[in-house]
Amino acid sequence: RRATQTFDSLPEDAREALDELLPMLVSVDIAGEQNVVRRRAPLVDLNTTPARRMLTERLIQTRFLTTDEDKQNGAAIVTFAHEALLRCWDRITLWIDNNRDLLRMRARVDHFQAMWNESGRDPSRLLPAGLPVNEGRRLLEATNQVLDENARQFVRSSLAHYEEGQRRIARNRRLAFIALSVLTLLATASGIIAWHMKGAAEKERAVAKEESAKRGR
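Residues numbered from 1 in each chain as written. Predicted model: local features only at pLDDT ≥ 70, side-chain atom pairs only at ≥ 80, totals over all residues. Heavy atoms only, no water.

Any chance you could explain the overall build of the protein chain here in plain terms?
Secondary structure summary: the protein chain contains nine helices and five strands in total. The linear arrangement of helices and strands in the protein chain, starting from the amino end, is α-α-α-β-β-β-α-α-β-β-α-α-α-α. Here the C-alpha atoms of the protein chain give a radius of gyration of 34 Å, more than 25% beyond the 17 Å that 2.2 N^0.38 yields for 217 residues. Counting over 217 residues, the protein chain shows a buried share of 32%. Within the protein chain, contacts between residues at least 6 apart in sequence are counted, and of these 58% link residues at least 24 apart. (Helix = DSSP H or I, 4+ residues; strand = E, 2+ residues; numbered from the N terminus. Rg over C-alpha atoms; globule rule 2.2 N^0.38 Å. Buried < 20%, exposed > 50% of the residue type's maximum accessible area, 1.4 Å probe, protein only. Contact = heavy atoms within 4.5 Å.)

Quick look at the structure:
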């Protein structure tokens, strides 16, 4: 109730910015029962517009959002103070219900992206062919955008890697078809040559036999 009151006191553009912040602050736990969970986001990403900044600052002031420091780079990190907010604030629960499938797909993309980063960005650890790369494409094309710029770049790299692999497979198939066609032509030509040589040899034997018969008379 207090969250709703705080939210309703904001200007309209700040209230509308909530839908832009939620993708950065909400995720799905794909390892467990796929419950909705809090997600940490860099403060700088939440403050990219005046409306976003106003909403973020108000939610921090009223302690609905908390800030921390990224231990790797010292940047300010923001997350919801309590996961109960994700289940009790009607505005958030409605957004989650409308975007649950996208959140599940994004969580799986996050999982693959983390493994890719841990591998030193090995191209073989990009999104695998099949469902993962198809889900990545769907997320890029989704009207409700839940990917941040780093995730979008990861998906784009995955799609480029996948498409290059498909082109390589198609190219290898064409080369294999050409090679098979050449071998077939060579085999056919060899058969024709052998047939002609056999016919010529039989003709020579017939002539030799006829000449031998004449000499015998």
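Teacher, can you tell me more about the pattern of salt bridges here?
Where charged atoms from two side chains of opposite charge come close, those side chains can pair. Enumeration according to the criterion identifies 14 salt bridges in this entry. Note that Arg 152 is salt-bridged to Glu 149, the shortest N-O span being 3.0 Å. Taken as a pair, Arg 152 and Glu 149 lie in helix α9 (residues 149-216) at a separation of three residues, close to a single helical turn. Look at the salt bridges and you will find they share partners, linking Glu 164, Arg 167, Arg 168 and Arg 171 into a network. (Salt bridge = Lys/Arg side-chain N within 4 Å of Asp/Glu carboxyl O.)

Mind showing me how you'd approach the nonpolar core here?
Core analysis: the biggest nonpolar cluster contains 30 residues, and Leu 25, Val 26, Leu 55, Phe 80 and Ile 96 have the highest contact counts within it. Dropping the residues within four chain positions of it, Leu 55 is found in contact with Phe 7, Leu 10, Ala 14, Ala 17, Leu 18 and Leu 21. One finds Trp 116, Leu 127, Ala 142 and Val 155 within the second-largest nonpolar core, a separate group that totals 16 residues. (Core = buried A, V, L, I, M, F, W, Y, C linked by side-chain atoms within 4.5 Å.)

When you look at unusual backbone geometry in this model, what are you seeing that I'm missing?
Most peptide bonds take the trans configuration, and most residues that are not glycine carry a negative phi. Phi is positive for Arg 63, close to 65°, though the residue is something other than glycine. Summarising the element assignment, Arg 63 is placed in the loop between α5 (50-61) and β4 (65-69). Given a relative accessible area of 68%, Arg 63 falls into the exposed group. Backbone geometry at Arg 121 places phi at a positive 60°, although glycine is not the residue there. In this fold, Arg 121 is placed in the loop between α7 (90-118) and α8 (131-141).

What am I meant to see in the sheet that holds strand β5 (residues 76-80) here?
In sheet architecture, strand pairing relies on hydrogen bonds along the backbone and comes in two forms, parallel and antiparallel. Sheet architecture is open: three strands sit in the order β3-β5-β4, paired in antiparallel fashion. Since the sheet does not close on itself, it has two edges, and those belong to β3 (41-42) and β4, each with one partner. Where β3 meets β5, two bridges bridge the pair, whose relative direction is antiparallel. Each bridged residue has a counterpart across the sheet, and for Pro 42 the counterpart in β5 is Ile 77. (Pairing = 2+ DSSP bridges.)

What's the story with the environment of Pro 23 in this structure? I'm lost.
Looking at the secondary structure, you find Pro 23 in helix α3 (residues 18-25). Put simply, Pro 23 and Asn 144 are 121 residues apart on the chain and 9.0 Å apart in space, counted from C-alpha to C-alpha. The residues contacting Pro 23, other than those within four sequence positions of it, are Arg 39, Trp 95, Arg 106, Gln 145 and Val 146.

Help me understand α3, please; the structure alone is not making it clear to me.
Counting along an α-helix, one turn takes 3.6 residues, and residues three or four places apart therefore face a common direction. Counting buried positions along α3 yields six of eight residues, so the element is predominantly enclosed. All of the buried residues in α3 are Leu 18, Leu 21, Leu 22, Pro 23, Met 24 and Leu 25.

Explain α8 here, please?
Taken together, the buried positions of α8 are occupied by Pro 132, Val 133, Glu 135, Gly 136 and Leu 139. Here the buried residues of α8 occupy an arc of 160° about the axis, which is enough to place them on one side. Facing away from the buried side of α8, by more than 90 degrees, are the exposed residues Leu 131, Arg 138 and Glu 141. (Arc of directions from axis to C-beta.)

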